[in-house]
Amino acid sequence: MTRYIIRRLLYLIPLFLGILIIVFAATRVAGDPVRLMTAMNPHITEEARNNLTAYYGLDKPLWHQFLIYLANLLKGDLGNSYVIRGGIEVTSLIGDYIWPTMLLQIVSIILALLIAIPVGVISARRKYSKTDVTVTTTSLLGTCIPIFYMGIIVILIFAYYLGWFPAGGYVTVISESKDYFLGSRTLDIIWHMVLPVAVLTFALLAPIVLLIRSSMLEVLKQDYVLAARANGLNDRKVVYKHALRNALIPVVTYVGIYFGAMLAGAPITETVFNWPGVGRLFVQATNRLDFPVIMGITVIITLMTLIANLITDLTYGYIDPRIRVE
Amino acid sequence: MNKELLRIEGLKTYFDTWAGIVKAVDGVDIEVIEGETLGLVGESGSGKSVTALSIMRIVPSPGKIIEGKIIYKEENLLEKSEKALREIRGKEIAYIFQDPSTSLNPVLTIADQLLEVILAHQEISKKEALEKAIELLKLVEIPDPDVKIWNYPHQLSGGMKQRIAIARAIASQPNLLLADEPTTNLDVTIQAQILELMQNLRKRLGMAMILITHDMGVVADIADRITVLYAGRVCESADTKTIFYKAKHPYTQALLTAVPSLALRTDKLKVIPGNIPNLIEPPSGCRFHPRCEYAIEKCTEKIPELIEIEPGHKVACFRALEINLESPLGGAKNN
Amino acid sequence: MQKILRELIQEKNKTKGASQWNIAWRRFKKNKTALAGFFIIGIIIFMAAFDSLIAPYGPNTIPGFYSGETRAPPSSKYLFGTDYVGHDVFSQVVYGASSALFVGFAAALIVMLLATVVGVVAGFYGGIVDNILMRITEIFLVIPFLLILLVFLKVITALAPSGGGGLFMVTLMIGIFSWAANARIIRGEVLRVKEQEYIEAATALGATKTRIMIRHILPNVLHVIIVLTTLMIATAILVEAGISFLGFGDPNAITWGQQLQKASEAVKEAWWEGVFPGLFITLLVLGFTLLGNGLRDSLDPRLRE
């Protein structure tokens, strides 16, 4: 098992490097960022431009710039923002914004899995029943509704018409007339989280339910499930011990992919709910061509995705002994 | 002495598929006597596996038992509750599947899979159950049982896996063993070993066994009686000797000539012309008539009943008494 | 057990002498959800084809602006109400159909071309070629692709402030960054087909590799490609909507995503401004998803109950 983990870890390094190169290329595809940012400024002189270019180290060859970036990255230095707060360090900027993102994403994926597994199993066991038809229809719709549209509808109903939850934001800005929800900052954050978490959970849940259902249907037809029943085991054991573990094998990989896609989709979810996470920060940074921040956030999200993938791999190895042992 | 253990009457098991209703088992009658080995023989698709699954009432969806009776020890299993059935599955009647690489759960250890079966039917501690499991592995002649028991199925060879599947089936000393082509997926050299093991265990534990196979050669030495199935119905049923030397049904006859191991003795290997019929719209009348060289008009119109022509010898053929079939093994005349 | 059942059913097909595609077509006709998907797509294609006839107002007219009816609720005059500058929301939704369809079909085409080439070549040649292609595929699989898309699109617009590459550029970018998952599935399918006897026979008879790939492998993975294409169209439409919603779309095109972006600024005051375009995105995506699922069920040679 240890060797398996180490091998998976080593495997991630070239993957990370490859992504880094593409992202770096994306930020440089238009050439010198300084020229790009100052393109609309008619008053800037060529000399000032050159000074800026040299200041940011952009006068060096591309591969050299990339190596410098890599070296700094290893030291934990992601550079400084071009525009935000007088060139704040990207690491400390991300430090401020990453927690709301993680909170939202991790709570949602955990909730999604907790709900999706039993729902998918029940749906498969009662194939074509009313419950199953409801579950599959809802899940299918869930995979078709754009997440921001779902967000807008939920805000419209639960924030504006019913007024149960806030329409957006992370925490109430307290003033003389406004206080935290029930007077507690923690409860206030949870109160703000309800709508975004609900939408994100549903969006993650829908495809996972469909996957678990179809995988379960496949597994329930297998001989070892028949054999378990033929041996007089009760239904609970047959379904949850024999069938579910096998049904989860193909699902695990996809959960990793969905989680990655959801993380990368953070700009959308966070914009809808005005959530102060790295996703919304990314949209702002991109609009202002703040490349160090863009790079920094992409690196962080890539790392999180890779960690999620590693967890997926380990789960895979845990569930399927055929992979673990060889 | 010849006490009846299991009697199936008019069993029908259908599968409702997109293409139509597949009448996999369509009126099957079978008897099993305590302690005997019954060979259930037929081509693939003849309904032998579905019959066995029906006995356990574990026919997978979309299959359903439509009608019939399955009388085990004078009780109709089709009228029993799911809970009462669990007391019978594995404890009274056990099942051995064709392919041990699919019938053992790939994600659980051997110990796990044996223990749960033992604990489901016996009130003993986990420690005792583990000892019992190792005992069982010794019984099915697995070397190093206390090591192998912690393995996963994929770490063992096909023959080993089938031995473990057998150990699991006999864990609670059942009275009836349903063995569904238990050697078909194994190497030829292993096949004989497994069959011998099963036969020994059956005698030692006093079980009855239904041995399902498509190969007359496999049942020749083992079965006490043989029932031949064709397209979901019984063609002929008799003791082994009668089937081999005095078969009255043309299909039984055809099966015998199609067995290489038997044909070797007689150089008469033949292939049965045509395919097993489609079971959604089966042929009218006798289902074998399109492939039968003795078919007359009546065969295309009416379904022949299974009739006892001699004590213990039943045949479903209108012409059973008219036509004179010659056994490929020499037939009744030379015997 | 499943094998037995499959044999029973195949027997029936054999007796009727039906080809694989005939069987698929028969199953497809029986599949209600697939037909529903087909129907939805048909309506929206119709909408796009005759948009100027269906829409009561022109694409660039702002009827509500002059009459002071901005953000006016739905009425007989404005079926879906008007938006912030006075566009008729219904007309805008009708004009948005062609953009959505264009992005869906064009992006899916690019994706499937890339995915098929990578998948078939990797699966067929195996060895080092497979290894290299699959490592590249993995990079594209893990890459946070929406982030990269946004950066590329922004940079391109910054280079040409007049509107960048427009809808085509958005489509191209979606195409370039979404092929990886499909390539992997196609490769898996090719590996499965490669095992089959007739391929070995063709190799033994001395057919060239390219010929085997095009004449033998490709037709046998075609059903998978068709299903993936349909589902990819749905995905591409969703992605374009997301990009437009964030304001990175083509400002000169009328898209449902952009309508939602403008609407999101005032959902409280004018729900109709966003609810209707969103409904149409969902409908179209649903249409392609249903069709894709239906096709998968009818083309999949495995047993369907």
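Each value, and the rule that gives it
- Residues numbered from 1 in each chain as written.
- Chains lettered and ligands numbered in written order.
- Predicted model: local features only at pLDDT ≥ 70, side-chain atom pairs only at ≥ 80, totals over all residues.
- Heavy atoms only, no water.
- Salt bridge = Lys/Arg side-chain N within 4 Å of Asp/Glu carboxyl O.
- pLDDT = per-residue confidence, 0-100.
- Buried < 20%, exposed > 50% of the residue type's maximum accessible area, 1.4 Å probe, protein only.
- Helix = DSSP H or I, 4+ residues; strand = E, 2+ residues; numbered from the N terminus.
- Pairing = 2+ DSSP bridges.
- Patch = residues over 30% accessible without salt bridge, like charges linked within 9 Å, V, L, I, M, F, W, Y side chains within 5 Å.
- Areas by Shrake-Rupley, 256 points an atom, 1.4 Å probe, with all protein chains shown as cover.
- Phe/Tyr/Trp six-rings, centres within 6.5 Å; stacked < 30°, edge-to-face > 60°.
- Lys NZ or Arg CZ within 6 Å of the ring centre and 35° of its normal.
- Contact = heavy atoms within 4.5 Å.
- Axes fitted to C-alpha atoms, helices over the stretch in contact; angles between N-to-C directions.
- Polar contact = N/O pair within 3.5 Å; in protein donor to acceptor, adjacent residues only side chain to side chain.

### So, the pattern of salt bridges
Link 1 in the chain: Counted under the stated rule, the structure contains 24 salt bridges over all chains.
Link 2 in the chain: A cluster of three or more residues bridged by salt bridges with shared partners is formed by Arg229 of chain A together with Glu82 and Arg89 of chain B.

### Notes on the confidence of the model for chain B
Link 1 in the chain: Summary statistics for chain B give a mean pLDDT of 86 and a share of 93% for residues scoring 70 or more.
Link 2 in the chain: What the predictor reports for the complex is a pTM of 0.85 with an ipTM of 0.87.

### So, the pairing of strand β9 (residues 225-230) of chain B
Residues and elements named next belong to chain B.
Link 1 in the chain: Within β9, six of the six residues are buried, which leaves the element mostly enclosed by the surrounding structure.
Link 2 in the chain: Taking every second residue as pointing to the same face, both faces of β9 are buried, with Arg225, Thr227 and Leu229 on one and Ile226, Val228 and Tyr230 on the other.
Link 3 in the chain: Pairing of strand β3 (residues 37-41) with β9, which is carried by four bridges, proceeds in the parallel orientation. Paired with Val41 across the two strands is Val228, which belongs to β9.
Link 4 in the chain: Here β9 runs beside strand β10 (residues 233-239); their pairing, made up of six bridges, is antiparallel.

### A look at a nonpolar patch on the surface
Link 1 in the chain: Together, Ile106, Ile110, Leu111, Leu114 and Ile115 of chain A give the surface a local cluster of nonpolar side chains, amounting to about 420 Å² of exposed area.
Link 2 in the chain: With respect to the element layout, Leu114 of chain A can be found in helix α5 (residues 90-125).

### So, the packing of aromatic side chains
Link 1 in the chain: Applying the stated criterion to the full structure yields 22 aromatic pairs over all chains.
Link 2 in the chain: Ring centres of Phe124 of chain C and Tyr125 of chain C lie 5.3 Å apart, and the angle between their planes is 85°; on these two criteria the pair is classed as edge-to-face.
Link 3 in the chain: Under the relative-accessibility criterion, Tyr125 of chain C is labelled partly exposed at 36%.
Link 4 in the chain: Of the aromatic side chains, those joined through ring pairs into one cluster are Phe80, Phe90, Trp256, Trp271, Trp272, Phe276 and Phe280 of chain C.
Link 5 in the chain: The cationic tip of Arg245 of chain A hangs over the ring face of Tyr318 of chain A; the distance from NZ or CZ to the ring centre is 5.9 Å.

### Comments concerning the sheet that holds strand β4 (residues 63-72) of chain B
Within a sheet, each strand pairs with its neighbour through backbone hydrogen bonds, oriented either parallel or antiparallel.
Residues and elements named next belong to chain B.
Link 1 in the chain: What the four strands build is an open sheet, ordered β2-β1-β4-β5; its pairing is antiparallel. Two strands close off the open sheet at either side, each with one partner strand: β2 (20-33) and β5 (75-76).
Link 2 in the chain: Relative to the sheet, helix α1 (residues 48-56) contacts β1 (4-17), β2 and β4, its axis offset from that of β1 by approximately 110°.

### Re the side chain of Asn31 of chain C
Residue and element names in this part refer to chain C.
Link 1 in the chain: As for its position among the elements, Asn31 is in the loop between α2 (20-30) and α3 (32-49).
Link 2 in the chain: Note on Asn31: relative accessible area 13%, which makes it buried.
Link 3 in the chain: Reaching out from Asn31, the side chain makes a polar contact with the backbone nitrogen of Ala34 at a distance of 3.2 Å.
Link 4 in the chain: Look past the residues within four positions of Asn31 in its chain and what remains in contact with it is Gly294 and Asp297.

### Examining the sheet that holds strand β11 (residues 307-310) of chain B
Residue and element names in this part refer to chain B.
Link 1 in the chain: Ordered in space as β6-β7-β8-β3-β9-β10-β12-β11, the eight strands form an open sheet in which the pairing is mixed. Edge positions in the open sheet fall to β6 (93-96) and β11, since each of these has one partner strand only. Going from strand to strand, the sheet's axes swing by 20° on average, the running direction of each strand aside.
Link 2 in the chain: Across five bridges, the pairing between strand β7 (residues 176-180) and strand β8 (residues 208-213) is parallel. Its bridge partner being in β8, Ala179 is matched across the sheet by Leu211.
Link 3 in the chain: In this fold helix α7 (residues 158-169) packs onto β6 and β7, with an angle of close to 170° to the strand it touches most, β6.
Link 4 in the chain: Packed onto the sheet, helix α11 (residues 250-257) meets β3, β9 and β10 and runs at close to 105° relative to β9.

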